[in-house]
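An overview of the molecular structure
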Amino acid sequence: LGYFAGGALLMVSFDIALVSMICLIFCAMTWAIIGLDANLGTAKKENARFSAVFTRKNPNLNILSVARLFLFASRDFWFEVPLPYYL
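To keep things clear, this report deals only with the structure shown in the data block. (Residues numbered from 1 in each chain as written. Predicted model: local features only at pLDDT ≥ 70, side-chain atom pairs only at ≥ 80, totals over all residues. Heavy atoms only, no water.)

Things to note about the overall build of the protein chain
For clarity, the cut-off: We count a stretch as a helix when DSSP gives it H or I for four or more residues in a row; a strand needs E for two or more, and each element gets its number in order from the N terminus. The reference for a compact globule is 2.2 Å times residues^0.38; the radius of gyration itself is calculated from the C-alpha atoms. Exposure categories follow from relative accessible area, calculated using a 1.4 Å probe and restricted to protein chains: below 20% of the type maximum is buried, above 50% is exposed, and the middle band is partly exposed.
In terms of regular secondary structure, the protein chain is built from five helices and zero strands. In sequence order, the protein chain lays out its α and β elements as α-α-α-α-α. Taking 87 residues into account, the globule formula puts the C-alpha radius of gyration at 12 Å, and the protein chain, at 20 Å, lies well above it. Based on the C-alpha atoms only, the size of the protein chain along its principal axes is roughly 60 × 35 × 15 Å. Counting all 87 residues of the protein chain, 6% fall into the buried class.

Laid out in structure tokens, this is it:
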């Protein structure tokens with residue numbers, strides 16, 4: 001949503017787009033500081049070890065995990081770098 005709103009506001013003025021995006025980020029940060037729980041993100045049990053994540057029992061699972069990593073990383077890269085310049 002931010003890319004499209006920023007792109008639309010750039011058609012009006014760079015300064016208006018910059019100020020409106022800063023205001024939206026400030027509103028999101030305020031909501032996050034006030035509205036989110038302090039225990040959010042804390043682990044309820046012991047962290048997984050590296051050897052438990054990449055198991056030798058099923059190598060197909062490791063191949064699938066690496067393939068998903070490259071698939072989603074390339075998608076995220078496309079939305080972060082070239083797409084805003086293209087639009």
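Additional details are given in the paragraphs that follow.
Some remarks on the packing of helix α1 (residues 2–12) against helix α2 (residues 14–35)
The test is simple: Orientation is described by axes fitted as lines to C-alpha atoms, over the contacting stretch for helices, and by angles from 0 to 180 degrees between their N-to-C directions. Should an angle lie under 35 degrees it is considered roughly parallel, over 145 roughly antiparallel, and from 65 to 115 roughly perpendicular; all remaining angles are considered oblique. Any two residues whose heavy atoms approach within 4.5 Å are treated as being in contact.
Interhelical geometry of α1 versus α2 gives an angle of 150 degrees and a closest axis separation of 6 Å. Looking at the two axes, α1 sits roughly antiparallel to α2. Residues Gly2, Ala5, Gly6, Leu9, Leu10 and Val12 of α1 form the contact with α2, whose participating residues are Phe14, Ile16, Ala17, Ser20 and Met21.

Concerning a nonpolar patch on the surface
For the record, the criterion: A patch consists of residues whose relative accessible area exceeds 30% and which take part in no salt bridge; residues with like charges are grouped when within 9 Å of each other, and nonpolar side chains (Val, Leu, Ile, Met, Phe, Trp, Tyr) when within 5 Å. Note that accessible areas follow from Shrake-Rupley with a 1.4 Å probe, and for residues the cover is restricted to the protein chains shown. Any carboxyl oxygen of Asp or Glu that lies within 4 Å of a side-chain nitrogen of Lys or Arg is treated as forming a salt bridge with it.
There is a patch of nonpolar side chains on the surface, built from Tyr3, Phe4, Trp78 and Phe79 and spanning about 450 Å² of accessible area. Elements that contribute at least two residues to the nonpolar patch include exactly α1 and α4 (59–80). Assignment of secondary structure puts Phe79 in helix α4.

Some remarks on α2
Given 3.6 residues per helical turn, the α-helix brings residues three or four places apart onto the same face. Condition: Here, expected helix span is obtained from the residue count minus one, scaled by 1.5 Å. Residues adjacent in sequence count toward polar contacts only when both atoms are side-chain atoms; beyond that, a polar contact is any pair of N or O atoms within 3.5 Å, and within protein one must be able to donate a hydrogen and the other to accept it.
Between its first and last C-alpha atoms α2 spans 31 Å; for 22 residues at 1.5 Å apiece the expected length is 32 Å, and the two agree. You can read the cap of α2 off the contacts: a side-chain oxygen lies 3.3 Å from the backbone nitrogen of Asp15, and it is on Ser13.

Here's the deal with the environment of Leu9
As for its placement among the helices and strands, Leu9 is situated in helix α1. Taking the C-alpha atoms as reference points, Leu9 and Gly41, separated by 32 residues in sequence, lie 35 Å from one another. With near-sequence residues (within four places) excluded, Leu9 lies in contact with Ile16, Ala17, Ser20 and Met21.

As for the state of the cysteines
Formally: To count as a disulfide, a pair of cysteine sulfur atoms needs to be within 2.5 Å.
Under the counting rule described, the total for this entry stands at zero disulfides. Its sulfur unpaired, Cys27 is 6.6 Å from the next cysteine sulfur, which belongs to Cys23.

Re the environment of Met21
As for its position among the elements, Met21 is in helix α2. Exposure remark for Met21: the relative accessible area of 21% places this residue in the partly exposed category. Here the alpha-carbon distance between Met21 and Gly41, two residues 20 residues apart in the chain, equals 27 Å. Here Met21 is in contact with Gly2, Ala5, Gly6 and Leu9, once residues within four sequence places are set aside.

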